[in-house]
Amino acid sequence: MALQLLDLHRGPTDDRLWAPPFDWDVAYENEHWWNRQLGDDPWFVRVLENSVEVARVELDDPGGINPAYRGVPKLGDERLEIQFIEVATAARGCGVGARVIHALAERHPGRRLFAYSEADRFWTRLGWEPFYDPSPGPAGRTLFIQRAL
């Protein structure tokens, strides 16, 4: 079944305590990602399948690449950062995450998607290119960038 992606932005009359109109009855492992103080221009995507919320995404346009990561290709304003992506607990293991990423890529054809990983295997399976943080101390998250088309 096709996914429906709904963009959610704070409106001009919404105050700083605005929360995206997600289905708060749908269970997620990382609720703290979705229930926190937001920046000035939050951009969320609510993902539905058969009118049921199956995933959530937070985007940062254009997002920033940490210069500590070496060998990263130069990305200009075409870059679009996936801050967070999470599949609803009940929808996991069915390929929803990969379908969401493919739908985002199709929806933003002139953009180059990237993400700092919480799940390296997921991004690797998508064929995205990994870059590692060489700084000393605790390992940083792997940066994954969508391969150029």
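Residues numbered from 1 in each chain as written. Predicted model: local features only at pLDDT ≥ 70, side-chain atom pairs only at ≥ 80, totals over all residues. Heavy atoms only, no water.

A. Layout of the confidence of the model for the protein chain. Taken over all residues, the pLDDT of the protein chain has a mean of 91, while the share at 70 or more is 97%. Within the protein chain, helix 1 (residues 31–34) has the poorest average pLDDT of any element, 90, and helix 2 (residues 96–107) the best, 98. (pLDDT = per-residue confidence, 0-100. Helix = DSSP H or I, 4+ residues; strand = E, 2+ residues; numbered from the N terminus.)

B. Layout of the side chain of Gln146. Within the fold, Gln146 resides in the segment after strand 7 (143–145). Classification of Gln146 by relative accessible area gives buried; the value is 10%. Of the polar contacts made by the side chain of Gln146, one reaches the backbone nitrogen of Leu113; its length is 2.9 Å. In contact with Gln146, other than residues within four places in its own chain, are Ala105, Arg111, Arg112, Leu113 and Trp128. (Buried < 20%, exposed > 50% of the residue type's maximum accessible area, 1.4 Å probe, protein only. Polar contact = N/O pair within 3.5 Å; in protein donor to acceptor, adjacent residues only side chain to side chain. Contact = heavy atoms within 4.5 Å.)

C. A look at the packing of aromatic side chains. Applying the stated criterion to the full structure yields twelve aromatic pairs. With a centroid separation of 5.7 Å and an interplanar angle of 80 degrees, the aromatic rings of Phe22 and Trp34 are classed as edge-to-face. Taken together, the residues Phe22 in the loop between strand 1 (4–9) and helix 1 and Trp34 in helix 1 connect sequence positions twelve residues apart. In this structure, Phe22 and Trp34 share a single accessibility class: buried. Of the aromatic side chains, those joined through ring pairs into one cluster are Trp18, Phe22, Trp24, Trp33, Trp34, Phe44 and Phe84. For the cation-ring pair, Arg56 lies above Trp24, with the distance from its terminal atom to the ring centre recorded as 4.8 Å. (Phe/Tyr/Trp six-rings, centres within 6.5 Å; stacked < 30°, edge-to-face > 60°. Lys NZ or Arg CZ within 6 Å of the ring centre and 35° of its normal.)

D. Looking closely at unusual backbone geometry. The step from Asp61 to Pro62 runs through a cis peptide bond, and the omega angle for that step is 10 degrees. In this model, Asn50 sits at a positive phi of 55 degrees, which is unusual for a non-glycine residue. Among the secondary structure elements, Asn50 is positioned in the loop between strand 2 (43–49) and strand 3 (52–60). Asn50 sits in the exposed class, given a relative accessible area of 51%.

E. Expanded view of the pattern of salt bridges. Tallied over the entire structure, the rule returns ten salt bridges. With its nearest N and O atoms 2.5 Å apart, the salt bridge here joins Glu58 to Arg36. With Glu58 in strand 3 and Arg36 in the loop between helix 1 and strand 2, this pair connects stretches of sequence that are 22 residues apart. Its relative accessible area of 8% is what places Glu58 among the buried residues. Here Arg147 and Glu129 are joined by a salt bridge, their closest N and O atoms 3.8 Å apart. Placement of Arg147 in the segment after strand 7 and of Glu129 in strand 6 (residues 129–131) is noted, with a sequence separation of 18 residues between them. One network of salt bridges, in which partners are shared, links Glu29, Glu86 and Arg92. (Salt bridge = Lys/Arg side-chain N within 4 Å of Asp/Glu carboxyl O.)

F. Representation of the sheet that holds strand 1 in the model. As summarised here, the arrangement of the seven strands in space is 1-2-3-4-5-7-6, forming an open sheet in which the pairing is mixed. Of all strands in the sheet, those bounded by a partner on one side alone are strand 1 and strand 6. Neighbour-to-neighbour, the strand axes of the sheet open up by a mean angle of 30 degrees, direction not taken into account. As defined by bridge partners, strand 5 (residues 112–116) adjoins strand 7 across three bridges and the pair is classed as antiparallel. When the bridges of strand 7 are listed, Phe114 appears paired with Ile145. Across the sheet, helix 2 is in contact with strand 1, strand 2, strand 3, strand 4 (79–87) and strand 5; its angle to strand 4 comes to roughly 155 degrees. (Pairing = 2+ DSSP bridges. Axes fitted to C-alpha atoms, helices over the stretch in contact; angles between N-to-C directions.)

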